[in-house]
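Single-letter residue listing:
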Amino acid sequence: MSLLEKILKARRDGRKQLAILIDPDETDGPNLDRLVKMSVEAGVDFFFVGGSLLVKDGLEACLQAVRAQCDIPLILFPGSALQVSPLADGLLFLSLISGRNPELLIGQHVIAAPYVKKAGLEVLPTGYVLIDGGRPTTVSYMSQTAPIPADKAEIAATTALAGELLGLKLIYMDAGSGAMQAILPQMITAVRETISVPLIVGGGIRTPEQAVMAVKAGADLIVVGNVLEKEPGVLRGLVKAIKK
Ligand code: 1GP
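Let me sum up the structure you'll find in this document. Per chain, residues are indexed from 1 in the order of the written sequence. Where local features are concerned, this predicted model is filtered to residues with pLDDT of at least 70; where side-chain atom pairs are given and counted, the filter is 80 or more; whole-chain, interface and lining totals use all residues. No hydrogens and no water enter the side-chain calculation; it runs on all heavy atoms of the structure.

Turning our eyes to something else, we now look at the packing of helix α8 (residues 208-217) against helix α10 (residues 234-243). Working convention: axes come from line fits to C-alpha atoms, limited for helices to the stretch in contact. Angles between N-to-C directions cover 0 to 180 degrees. Runs of H or I in DSSP of at least four residues are treated as helices and runs of E of at least two as strands, each being numbered from the N terminus. Two elements in contact, α8 and α10, have axes whose closest approach is 8 Å; the angle formed by their N-to-C orientations is 25°. Relative to α10, the element α8 lies roughly parallel. Both α8 and α10 take part in a crossing whose hand is right-handed. Contacts from Pro 208, Ala 211, Val 212 and Val 215 in α8 reach Val 234, Gly 237, Leu 238, Ala 241 and Ile 242 in α10. Note that Gly is not counted as nonpolar here; it falls among the polar residues with everything else outside the nonpolar set of Ala, Val, Leu, Ile, Met, Phe, Trp, Tyr, Cys and Pro and the charged set of Asp, Glu, Lys and Arg. Looking at the contact of α8 with α10, its residues break down into eight nonpolar, one polar and no charged. Any angle from 65 to 115 degrees is called roughly perpendicular, while one under 35 is roughly parallel, one over 145 is roughly antiparallel, and all others are oblique. Each crossing gets its handedness from the near helix: less than a right angle anticlockwise from the far helix is left-handed, clockwise is right-handed. A contact between two residues is defined here by any heavy atoms of the two lying within 4.5 Å.

And the structure:
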């Protein structure tokens, strides 16, 4: 079954899913091994691997290390055309549709396209919608785009709808890694009620309660990263809460 089919099937069956975001700059060595082990035990659905800015050249080593330890699917979450690797299973081919930076709507895609094709990855065309999480994040700075204000649910909904109408297969609403405030449930619900493709939600989710709120509001797949770098113990509770 393809990665997209897995996500679609879970949505049809009413099963919520969890992806762990691994930033290879932040998590490596024994910390990475521990996170992978805990993810296997807890029943994590996917690893997203990447970041808005990677400075340690550790992407391939990270993919190799995770692959050696488990078969949880590895999906690249690239901040740029440099983050393409055949060692992953799939790639979120992200178009930053909340922004108006042509480089991140199509420019980097043109550069990456031949490498993506050659890598033989499953490509997941994804509309990436950046939401204000209360402070500037690496992604807002690096992308040079303004996030959608947290209380403008109708802008998020129509942006996501435009992405779906353009043929994108997934919508990823993100408050950015380490956001102070996760995306408000009202906004998640407004987007959920407007689109029919699977909805990924992440950014600033630190507790099982927040994860439950997001899935109840309509998220199909939750992404958590930052908190697990500091408190990996939260993982089990997160999976339990989402799967319930
Ligand atoms: C960021 O949605 C992801 O792109 C995860 O965010 O690191 O804040 O959990 P956190």
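Let us now look at the pairing of strand β5 (residues 122-130). Summarising the sheet, strand β4 (residues 90-96) and β5 pair through seven bridges and their orientation is parallel. Bridge assignment links Gly 90 to a residue of β5, and that residue is Glu 122. With the strands pointing away from the viewer, any crossover whose connection runs clockwise from the first strand over the helix to the second is right-handed. Once you follow β4 into helix α4 (residues 102-119) and on to β5, the crossover reads as right-handed. Strand pairing requires that DSSP identify at least two bridges connecting the strands.

Now for the nonpolar core. In these notes, a set of buried Ala, Val, Leu, Ile, Met, Phe, Trp, Tyr and Cys residues joined through side-chain atoms within 4.5 Å is what counts as a nonpolar core. Remark: exposure states derive from per-residue accessible area (1.4 Å probe, protein chains only) relative to the maximum for the residue type, with buried under 20%, exposed over 50%, and partly exposed in between. Ranked by internal contacts, the top residues of the largest apolar core, which has 64 residues, are Leu 18, Phe 47, Met 173 and Ile 222. In terms of residues, this core owes the most to one element, α10, which gives five residues. Ignoring sequence-local partners within four residues, the contact set of Met 173 consists of Val 129, Ile 131, Ala 156, Ile 183, Met 187, Ile 188, Val 191, Leu 199, Ile 200, Val 201 and Gly 202.

This part is about a nonpolar patch on the surface. A cluster of nonpolar side chains, contributed by Leu 53, Val 55, Tyr 141 and Met 142, occupies part of the molecular surface with about 440 Å² of accessible area. Mapping Val 55 onto the fold places it in the loop between β2 (46-49) and α3 (59-69). For Val 55, a relative accessible area of 62% gives the class exposed. Here the term patch refers to residues with relative accessible area over 30% and no salt bridge, with like charges joined within 9 Å and nonpolar side chains (Val, Leu, Ile, Met, Phe, Trp, Tyr) within 5 Å. Here the open area of atoms and residues is found with the Shrake-Rupley method and a 1.4 Å probe, where only the protein chains shown may cover a residue. Each reported salt bridge corresponds to a side-chain nitrogen of Lys or Arg within 4 Å of a carboxyl oxygen of Asp or Glu.

Bringing the pattern of salt bridges into the picture now. Taken as a whole, this structure holds eight salt bridges when the rule is applied. A salt bridge links Asp 13 to Arg 15, with the nearest nitrogen and oxygen atoms 3.5 Å apart. Its salt-bridge partner being Arg 67, residue Asp 89 comes within 2.5 Å of it at the nearest N-O pair. In this pair, Asp 89 sits in the loop between β3 (74-76) and β4 while Arg 67 sits in helix α3, placing the two residues 22 residues apart along the sequence. A single salt-bridge network, built from bridges that share partners, covers Lys 9, Asp 13 and Arg 15.

For the rest of this paragraph, the subject is the pairing of strand β8 (residues 221-224). Alternating positions in β8 separate into two faces, Leu 221 and Val 223 on one and Ile 222 and Val 224 on the other, with burial throughout. As paired elements, strand β1 (residues 17-22) and β8 share four bridges and run parallel to each other. Note on β8: the bridge partner recorded for Ala 19 is Val 223. Pairing between strand β7 (residues 199-202) and β8: three bridges, direction parallel. Each residue of the ladder has a partner; that of Val 201, found in β8, is Ile 222. A crossover links β7 with its parallel partner β8, the connecting element being α8, and its sense is right-handed.

Classification of ring pairs uses Phe, Tyr and Trp, with its six-membered ring standing for Trp, and accepts pairs whose centres are within 6.5 Å; under 30 degrees between planes counts as stacked, over 60 as edge-to-face, and the remaining range as tilted. This structure, assessed with the given rule, holds five aromatic pairs. Residues Phe 48 and Phe 77 carry aromatic rings whose centres are separated by 6.3 Å and whose planes lie at 35° to one another, so their mutual orientation is tilted. Of this pair, Phe 48 sits in strand β2 while Phe 77 sits in the loop between β3 and β4, and the two are 29 residues apart along the sequence. Since its relative accessible area comes to 1%, Phe 48 is described here as buried. Taking the relative accessible area as the measure of exposure, Phe 77 reaches 9% and is therefore buried. Between the aromatic rings of Tyr 128 and Tyr 172, the centroid separation amounts to 5.3 Å while the plane-to-plane angle is 85°, which identifies the pairing as edge-to-face. In this pair, Tyr 128 sits in strand β5 while Tyr 172 sits in strand β6 (residues 170-174), placing the two residues 44 residues apart along the sequence. The class of Tyr 128 is buried, set by a relative accessible area of 5%.

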